[in-house]
Amino acid sequence: MIRFSRVAPRVAAIVAIAGFCRLANGQTYLTPNTIDVAGPITTSLGDTVFINHGLQGVGRVSASAKDAFGETLGSISSMAITGWSRRGNVYSGVLNTLPDRGYNDPLSEFFSDYAARIQSFDFTFTPYTGSSPLAGTTIEEKRAAQNQISLNYTGGIKFKDSQARATTGLNPATAADVTTLYGTTLPFVASQSVGGTPFEINKISVDAEGLVLLPDGSGWVSDEYGPNIYRFDAAKNITGVLGLPESLRPHKPAGTLNFDSVAAPTYGRRNNQGMEGISLSPDGTRLFAMVQSATVQDSVAN
């Protein structure tokens, strides 16, 4: 389900900057920032004023939908809008979504050979600005009235590495599950055993979470396994990886990289809690990244 509120398209980038400034000043927030009053809420960031009108529309995509590759359409870990336009009270454009790593269940250690990809939808958005509840008395009627966002799936494209191989969502479970690419050590799965039978994989492991999409179709995608930030071109070919501090990379034991997302490492990013999101500053000169939680060495509990 997709939900839109009436805020500026670049608010995500600005929020990321504000968050980093607060952390840099050493401030700590222990209570949620929630809105419990009716009507528009106005807030300012520097000279920019934002008005939050609340929930303005809902759109849905079936969980059983298949994509252009005949695979699960996937969840939405991140999204980017391109071609944004407005005509009267109707907005339109292309919604580019980034699924997670495919169907998985870390508790049972089941993961999918699901390639990281971008899915695209043409959309129209007609905000509901009334003050009365939407029509309908039954759940089905109320759901039918939540139609302010119309989504039309137009296709998908997979990320590929420098050797034209798609990525995989499979867990790089041991210290041996690595490869050297783009001048650094990356998580990699050579084979996967199913029912005792090994199947060749030979792909870098990417648990895609954050997306920055530039006007020319290139951009960055963040990954939890590494944690990494990959640079890709307009054809979605990965062209490089940003060098992150070694203190963020998972080691087990100390001095040995181990990108397993199930068991906690000795130090580095926590298991299954890597590079959760990225955002670009409004002027396009800075890339901001967010790790899901503190590193092992900087905290005392999972």
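Being a predicted model, the structure only gives us computed values, none of them experimental. (Residues numbered from 1 in each chain as written. Predicted model: local features only at pLDDT ≥ 70, side-chain atom pairs only at ≥ 80, totals over all residues. Heavy atoms only, no water.)

### Things to note about the overall build of the protein chain
For the protein chain, the helix and strand inventory stands at two helices and 17 strands. Residues counted as buried form 37% of the 302 residues belonging to the protein chain. Looking at the protein chain as shown, the accessible area adds up to about 16,300 Å², and 53% of this sits on carbon and sulfur atoms. (Helix = DSSP H or I, 4+ residues; strand = E, 2+ residues; numbered from the N terminus. Buried < 20%, exposed > 50% of the residue type's maximum accessible area, 1.4 Å probe, protein only. Areas by Shrake-Rupley, 256 points an atom, 1.4 Å probe, with all protein chains shown as cover.)

### Here we look at the pairing of strand β7 (residues 117-125)
Of all nine residues in β7, seven are buried, a share of seventy percent or more. Sheet topology places strand β6 (residues 90-98) next to β7; seven bridges connect them, and they run antiparallel. In the strand pairing of β7, tyrosine 91 is matched with phenylalanine 125. (Pairing = 2+ DSSP bridges.)

### Brief notes about the sheet that holds β6
Taken together, the four strands give an open sheet; going across it, the order is β5-β6-β7-β8, and neighbouring strands pair in antiparallel fashion. What marks the edges here is a single partner per strand, and that holds for β5 (78-87) and β8 (149-158). Averaged over all adjacent pairs, the angle separating strand axes in this sheet is 15 degrees, with direction ignored. (Axes fitted to C-alpha atoms, helices over the stretch in contact; angles between N-to-C directions.)

### Remarks on the environment of serine 120
Here serine 120 shows up in strand β7. Measuring from C-alpha to C-alpha, the distance between serine 120 and valine 94 comes to 6.6 Å, with 26 residues separating the pair along the chain. Each residue touching serine 120, except ones within four places of it in the same chain, is listed here: Val94, Leu95, Asn96, Asn152, Tyr153, Thr154 and Gly155. At 3.0 Å, the side chain of serine 120 forms a polar contact with the side chain of asparagine 96. (Contact = heavy atoms within 4.5 Å. Polar contact = N/O pair within 3.5 Å; in protein donor to acceptor, adjacent residues only side chain to side chain.)

### A look at the sheet that holds strand β13 (residues 219-223)
Strands sit in the order β12-β13-β14-β15 across an open sheet of four strands; the sheet is antiparallel. The strands lining the two open edges of the sheet, one partner per strand, are β12 (208-213) and β15 (238-241). Between one strand axis and the next, the sheet turns by 25 degrees as a mean value, whatever way the strands run. Pairing geometry for β12 and β13, over five bridges, is antiparallel. Bridge pairing in β13 links leucine 211 to valine 221.

### So, the pattern of salt bridges
Applying the stated criterion across every chain, the model contains seven salt bridges. Across the salt bridge formed by aspartate 207 and arginine 101, the nearest N and O atoms sit 3.5 Å from each other. Of the two residues, aspartate 207 sits in the loop between β11 (197-204) and β12 while arginine 101 sits in the loop between β6 and β7, which places them 106 residues apart along the sequence. Note on aspartate 207: relative accessible area 1%, which makes it buried. Among the residues examined, arginine 101 registers a relative accessible area of 3% and is labelled buried. Arginine 165 is the salt-bridge partner of aspartate 161, the closest N and O atoms lying 2.9 Å from each other. (Salt bridge = Lys/Arg side-chain N within 4 Å of Asp/Glu carboxyl O.)

### As for the nonpolar core
Judged by nonpolar contacts, the single largest core of 18 residues is most densely connected at Leu98, Ile118, Phe159, Ile204, Val221, Tyr230 and Phe232. Broken down by element, the residue count for this core peaks at three residues, all from β12. If sequence neighbours within four positions are ignored, phenylalanine 159 has contacts with Leu98, Ala116, Arg117, Ile118, Arg165, Ala166, Thr167, Val221, Phe232, Lys236 and Ile238. (Core = buried A, V, L, I, M, F, W, Y, C linked by side-chain atoms within 4.5 Å.)

### Some thoughts on the environment of aspartate 223
Looking at the secondary structure, you find aspartate 223 in strand β13. Engagement of the side chain of aspartate 223 in a polar contact is seen with the backbone nitrogen of aspartate 207, the distance being 2.8 Å. Separated by 3.0 Å, the side chain of aspartate 223 and the backbone nitrogen of tyrosine 225 make a polar contact.

### Re the side chain of threonine 295
Inspection of the secondary structure assignment puts threonine 295 in the segment after β17 (287-291). If we skip the residues at most four places from it in the chain, threonine 295 touches Ser247, Leu248, Gly268, Arg269 and Arg270.

### Here's the deal with unusual backbone geometry
Geometrically, the link from glycine 226 to proline 227 is a cis peptide bond, its omega value of -10 degrees lying close to zero. Locating proline 227 in the fold gives a position in the loop between β13 and β14 (228-232). Residue proline 253 is reached from lysine 252 by a cis peptide bond, and omega for that bond is -5 degrees. The topology assignment puts proline 253 in the loop between β15 and β16 (275-280). The phi dihedral of alanine 164 is positive, around 60 degrees, even though this residue is not glycine.

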